[in-house]
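For reference, the chains in residue letters:
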Amino acid sequence: MKVTVFSTKSYDREFLEAANGAMAPALRHELVFLESRLDRTTAALAADSDAVCAFVNDRLDRLTLERLAAGGIRAIALRCAGFNNIHLPTALALGLPVVRVPAYSPHAVAEHTVGLILTLNRRIHRAYNRVRESNFALEGLMGFDLHGETVGIVGTGRIGAIVARILHGFGMKLLGHDRYRNPDCEALGMEYVDLPTLWARSAIISLHCPLMPETHHLINADALAQMRDGVMLVNTSRGALVDTEAAIAALKSHKLGYLALDVYEQEERLFFENLSEQIVQDDIFQRLQTFPNVLITGHQAFFTRNALAAIAETTVTNLSQLERNIPCPNQLNLEGAIAA
Ligand code: NAI
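Note that the structure is a prediction, hence the values are computed from the model and not measured. Throughout this document, residue positions are counted from 1 along each chain, in the order its sequence is written. The model is predicted, so local features are restricted to residues of pLDDT at least 70 and side-chain atom pairs to those at 80 or more, both for listing and for counting; the totals for chains, interfaces and linings are taken over all residues. Values reported for side chains reflect all heavy atoms of the structure, with hydrogen atoms and water molecules removed beforehand.

### Digging into the overall build of the protein
Defined as follows: Helix numbering and strand numbering both begin at the N terminus, where a helix is a DSSP run of H or I of at least 4 residues and a strand a DSSP run of E of at least 2. Put simply, the radius of gyration uses C-alpha atoms, and a globule should come to 2.2 Å times the residue count raised to 0.38. Here's how the labels work: a residue is buried when its accessible area is under 20% of the maximum for its type, exposed when over 50%, partly exposed in between, all with a 1.4 Å probe on protein chains only. In this description, contact between two residues means that some pair of their heavy atoms is separated by no more than 4.5 Å. Under the convention used here, a 1.4 Å probe and the Shrake-Rupley method define accessible areas, while residue burial counts only the protein chains that appear. By the counting rule applied here, Lys and Arg register as positive and Asp and Glu as negative, while His and the ends of each chain are not counted. The atom standing in for a charge is NZ when the residue is Lys, CZ when it is Arg, CG when it is Asp and CD when it is Glu.
For the protein, the count of helices and strands is 13 helices and 12 strands. Its C-alpha atoms give the protein a radius of gyration of 21 Å, near enough to 20 Å, the size a compact globule of 340 residues would have. Oriented by its inertia axes, the alpha-carbon framework of the protein measures out at about 60 × 45 × 35 Å. Relative to its full complement of 340 residues, the protein shows a buried share of 50%. Across the protein, contacts joining residues at least 24 apart in sequence account for 69% of those joining residues at least 6 apart. Carbon and sulfur atoms provide 51% of the accessible area of the protein, an area that totals close to 16200 Å². Side-chain charges of the protein comprise 31 positive and 37 negative groups, with the mean position of each set lying 2 Å from the other.

Below is the structure:
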């Protein structure tokens, strides 16, 4: 297949070329790498390809999909797990199969989540800067023991379950909320509770559910009001799970004691690019940056070499299966996903 790969960074190219090269010659694809994001204005760049390969901040809305289909695109390969950036009813109506990488390294995201918790709690990011300036004062760096505290995990699937296991190892009590109970989490002693109970009892709340209409702004002013004073909120899932303006208000009132984000509602305008020479125009994001108890990383939780290798291998295999009409286990059931 000829595949136009959008939003290409050097690391995407390196890992996709390696995975493609490792395939049997007959199964290899012709990969065309573009740095541009995929949206309605760039869809035409894929005109003579059979498929496009897209990432988290590419925008596959109705018009983009229509333009891709009109240009001859026959398949969409997402090199990520989430599919909130694609208009599924249009893909279904156009008969465009969508494949994705449902799991690559849940450990990568879970370990980054725990890294954020430890860094923010013990102010390691601030201590690093102080010590480099020979400031060895401890004021402002005090944390709390995780041991014995309660963490509430929303979404106890692959990533949430690993976060639970790691934090269980620290001696934390586990609360969970999900549509389905995960027996691995129950075996750790996780107590499944409704959201108001999880909000009220958790010292740390970590989000690991997908972004869907029902989870959009799951963390809003109402949810925040039900939380413990000084709670730590961690979001490594999808930005729009959190109403950022409500979070800022809660930071100002000290309801939120700590906020760690790897994802942000409007991240598509910022993340994955070096904007250090520009004036960032997003005032909400800039306000977040002013709080000493906010720690933000730019959607890097997945970013380990293990995960990139797994993403690339799964993506080229998905494309080969589509090309040969072999059932692909990673093809989205569009009707099911729309109904969910
Ligand atoms: P998963 O599908 O294994 O687990 C998601 C869990 O959320 C499932 O158990 C599901 O039942 C549950 N869920 C669905 N709706 C819910 C609701 N309304 N309330 C509570 N729970 C609900 O997915 P996985 O692999 O654990 O990934 C979780 C999320 O992490 C993804 O949706 C994705 O958005 C995000 N992610 C972030 C990355 C990053 O680099 N920051 C990388 C990969 C994934």
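### With respect to the site of the ligand
Where we set the bar: One heavy atom within 4 Å of a molecule or strand is enough for the residue carrying it to be called near that molecule or strand. N or O atoms closer than or at 3.5 Å make up a polar contact, with two conditions inside protein: a donor-capable atom paired with an acceptor-capable one, and, for residues adjacent in sequence, both atoms drawn from side chains. Throughout, the protein atoms alone are placed on a 1 Å grid, and a set of points is a cavity if a 1.4 Å probe fits but cannot get out or a pocket if it is open with protein on both sides within 12 Å along at least five of seven lines; lining residues have an atom within 4 Å of a point. In this scheme, a molecule is assigned to a cavity or pocket if more than half of its atoms are within 2 Å of the grid points. By the convention adopted, Pro, Cys, Tyr, Trp, Phe, Met, Ile, Leu, Val and Ala count as nonpolar, Lys, Arg, Asp and Glu as charged, and the other residues, Gly among them, as polar.
Near the ligand there are 25 residues, and of these R158, I159, D178, E214 and T236 occur at the shortest range. Within the backbone of G157, one N or O atom sits 3.4 Å away from an oxygen atom of the ligand. At 3.0 Å from a nitrogen atom of the ligand is found a side-chain nitrogen or oxygen belonging to D262. In the complex, the protein chains occlude 87% of the 860 Å² of accessible area that the ligand would expose alone. Counting atoms within 2 Å of the grid points, the majority share of the ligand lands in the largest pocket. Class assignment for the residues of the shell around the ligand results in 10 nonpolar, 9 polar and 6 charged.

### Notes on the pairing of strand β11 (residues 256-261)
A regular strand places its side chains on the two faces of the sheet in alternate fashion. So the rule is basically this: DSSP bridges decide pairing: two strands pair if at least two such bridges lie between them.
The buried fraction of β11 is high, at 6 of 6 residues. Note that strand β10 (residues 231-235) and β11 share 5 bridges and pair parallel. When the sheet's bridge partners are listed, V234 is paired in β11 with A260. As paired elements, β11 and strand β12 (residues 294-296) share 3 bridges and run parallel to each other. Its bridge partner lying in β12, L261 is registered against I296.

### Digging into the packing of aromatic side chains
What counts, and what does not: Side-chain rings of Phe, Tyr and Trp (the six-membered ring for Trp) are treated as a pair once their centres are within 6.5 Å; stacked means planes under 30 degrees apart, edge-to-face means over 60, and tilted covers the remaining angles.
Considering all chains together, one arrives at 7 aromatic pairs under this definition. Relative to Y258, the ring of F144 has its centre 5.9 Å away and its plane inclined at 65 degrees; by these criteria the two rings are edge-to-face. Of this pair, F144 sits in the loop between α5 (124-132) and β6 (150-154) while Y258 sits in strand β11, and the two are 114 residues apart along the sequence. Pairwise contacts between aromatic rings join Y11, F55, F272, F302 and F303 into one cluster.

### Topic: the domain arrangement of the protein
Put simply, the rule reads: Residue ranges assigned to each domain were obtained from an automatic or database domain assignment. Salt bridge criterion: a side-chain nitrogen from Lys or Arg within 4 Å of a carboxyl oxygen from Asp or Glu.
On domain assignment, one finds that the protein holds domain 1 (2-104 + 304-339) and domain 2 (106-296). In this structure, domain 1 and domain 2 have C-alpha centres spaced 30 Å apart. Each partner contributes to the interface: domain 1 provides 14 residues, whereas domain 2 provides 11 residues. Run the count over domain 1 and domain 2 and you get 3 salt bridges. Ionic pairing is found between E273 and R37, a salt bridge with its closest N-O pair at 3.9 Å. The interface formed by domain 1 and domain 2 includes 8 residue pairs in polar contact (both at pLDDT 80 or more).

### Some points on the sheet that holds strand β4 (residues 75-78)
Test applied: Axis definition: a line fitted to C-alpha atoms, limited for helices to the stretch in contact. Angles are taken between N-to-C directions and run from 0 to 180 degrees.
The 5 strands are arranged β2-β1-β3-β4-β5 in an open sheet whose pairing can be described as parallel. Each end of this open sheet is capped by a strand with a single partner; those strands are β2 (30-33) and β5 (98-99). Of the strand pairs in this sheet, strand β1 (residues 2-5) and β2 are connected by 4 bridges, and their pairing is parallel. Residue pairing for β2: V5 is matched across the bridge by F33. Each of β1, β3 (51-54), β4 and β5 touches helix α12 (residues 305-323); the most contacted strand, β4, lies at about 160 degrees to it.

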